[in-house]
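Commentary on secondary and tertiary structure
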Amino acid sequence: MNQQTEPAAAEVRTRLPRGLARELFTLRRDPLPKMSRPRWLAWLPHAVLGYVAIPCGVLTGMQLNDHYGVFGSAVLGLSLLTSASVVLSMFRPVAAWWLGLVTSGLVAWAIHGHVGPGQSWPWTPAGPFTLAPVLLMVALRVPPRVTASVIGITLALNGLADITLRPPRSQTIIGGVALLFVFVGILGYALRATRLTRGKLVEQETLTEEERARRTLLEERSRIARELHDVVAHHMSVISIQAQVAPHLVENPSEELKENLAGIRENALEALTELRRVLGVLRSERPDDPANPHHPQPTLGDLDGLVDNVRGAGLDVTTEIAGIRRPLTPGVELTAYRIVQEALSNALRHAPGSRVEVGIAYGPRDLHLCVANSAPTRSAPPSPGAGHGLLGMRERAGMLGGELAAGPRPDGGYEVSAVLPMDPQDLPAVPDSETKRAS
């Protein structure tokens, strides 16, 4: 076991310096992220950093002139390089650090022969503060080990220059520089960790919301499957019973008729058994579940009772039915009832005190549903639900080949409308390619 882990540990030890070297000598573009909120301040960090670059260059030139007596075009060039390193840190932080480090070295070389008693070297008094923004940008965007290496290299070169090249009677400020750079590194690390944590939290919230919507959709599909199981099972049971009773309703039935009716009954029972076997896993074992086979599925004939219950809860509901009212297929009846039920529940939950209008129109081929509510008269209490009721309504309408639309009204209310085919068998057949793909 030890012989296997030793090569792996050695490989990790060699891989780390290589990866660190690539991070330190990279010119990879790494733009400073924009603020997410508020949007009109998205570019505020870039504007602030661009503004900071100007005084950094000005301070460098002023201190070269006033404190060390350095003049000429070199002062302008060093000032521009100092500002350029700060600006470059917005896009390529590691490259900006190298530029700032080289600029600091050139400044130390330029003032080396001009350092008087008590003056600092290799930094000017403002030098560490002009490099600090660059180090902060590095710490914000690279891993902590790279930030530690950048600060360590900067302080090591400072110490080496201070030991070997420091002018006589000059003053060293390496202690203060070390404190400043370490503080900047810790601050950048904390801000980076906060930003990454917030990003992961937003990503997790997005995934959670998608998973919640997917789970709600699956639950609604399971509920639809259970209800359709009841409808289909009822009709298959009726077919079986009618096939069994039919021979007794005919005088002297032929053997061929008896065999055919017996075959119909056998096929019906077999189909019913297979249906229960496939969809039985979706059946709730709770006896009080509305999807229990002992409870009949609701239809539009039960709409009056539903409206009365909603009125009893304090909602003003009016109903209007247009066209010739007639019985529909069980699937359409059940789907229409559930859509109206969910729309009324949403109005009761999200629009307290509003007026609700329920419209049902029987067309030649389609059933039109419309549930519209006015603006609420008082604020709605927070709802603990998942907020995906529209998914279930769309799933039910789409199952029959219908359409459902929902959205706010100009008066501040909300409207849900659906169109369901009277006979779902009239839907166009699914192409073979789609069937194969679904299977």
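Throughout what follows, the structure given in this document is the object of discussion.

The rules we used
Residues numbered from 1 in each chain as written. Predicted model: local features only at pLDDT ≥ 70, side-chain atom pairs only at ≥ 80, totals over all residues. Heavy atoms only, no water. Helix = DSSP H or I, 4+ residues; strand = E, 2+ residues; numbered from the N terminus. Buried < 20%, exposed > 50% of the residue type's maximum accessible area, 1.4 Å probe, protein only. Contact = heavy atoms within 4.5 Å. Pairing = 2+ DSSP bridges. Axes fitted to C-alpha atoms, helices over the stretch in contact; angles between N-to-C directions. 1 Å grid on protein atoms, 1.4 Å probe; cavity = no way out; pocket = protein on both sides within 12 Å on 5 of 7 lines; lining within 4 Å. Points joined across faces, edges and corners; volume = space filled by probe spheres on them. Nonpolar A, V, L, I, M, F, W, Y, C, P; charged D, E, K, R; others polar. Salt bridge = Lys/Arg side-chain N within 4 Å of Asp/Glu carboxyl O.

Let us look at the overall build of the protein chain. When its secondary structure is counted, the protein chain shows twelve helices and five strands. The proportion of buried residues among the 439 residues of the protein chain is 36%. The long-range fraction of contacts in the protein chain, counting pairs at least 24 apart against all pairs at least 6 apart in sequence, stands at 73%.

We now examine the sheet that holds strand E2 (residues 355–362). Within a sheet, each strand pairs with its neighbour through backbone hydrogen bonds, oriented either parallel or antiparallel. As summarised here, the arrangement of the five strands in space is E1-E2-E3-E5-E4, forming an open sheet in which the pairing is mixed. A single partner strand is all that each edge strand has here, and the edge strands are strand E1 (316–322) and strand E4 (403–408). Shown here is a sheet whose adjacent strand axes are inclined to one another by a mean of 10°, direction ignored. Sheet topology note: the E4/strand E5 (residues 414–421) ladder contains six bridges and is antiparallel. When the bridges of E5 are listed, Ala406 appears paired with Val416. Sitting on the sheet, helix H9 (residues 303–312) is in contact with E1 and E2, with an inclination near 160° to E1.

A few words now on empty space enclosed by the protein. One pass over the structure, following the stated rule, counts one cavity of 30 Å³ or more. Lining the largest cavity are 13 residues; nearest its centre among them are Thr82, Ser104, Val107, Gly127 and Thr130. Secondary structure elements with two or more residues in the lining of the largest cavity: helix H3 (73–88), helix H4 (93–111) and helix H5 (127–141). Residue contributions to the lining of the largest cavity peak at four residues, all from H4. Per-class residue counts for the lining of the largest cavity are four nonpolar, nine polar and no charged.

Moving on, we come to the pattern of salt bridges. For the structure shown, the criterion picks out five salt bridges. Across the pair Glu23 and Arg28 runs a salt bridge, and its minimum N-O distance is 3.5 Å. A residue is classified by how much of its surface remains accessible, and Arg28, at 45% relative accessible area, is partly exposed. Across the pair Asp30 and Arg141 runs a salt bridge, and its minimum N-O distance is 4.0 Å. Note that Asp30 is positioned in the loop between helix H1 (2–24) and helix H2 (44–66) and Arg141 in helix H5, a separation of 111 residues in sequence. By relative accessible area, which is 8% here, Arg141 ends up buried.

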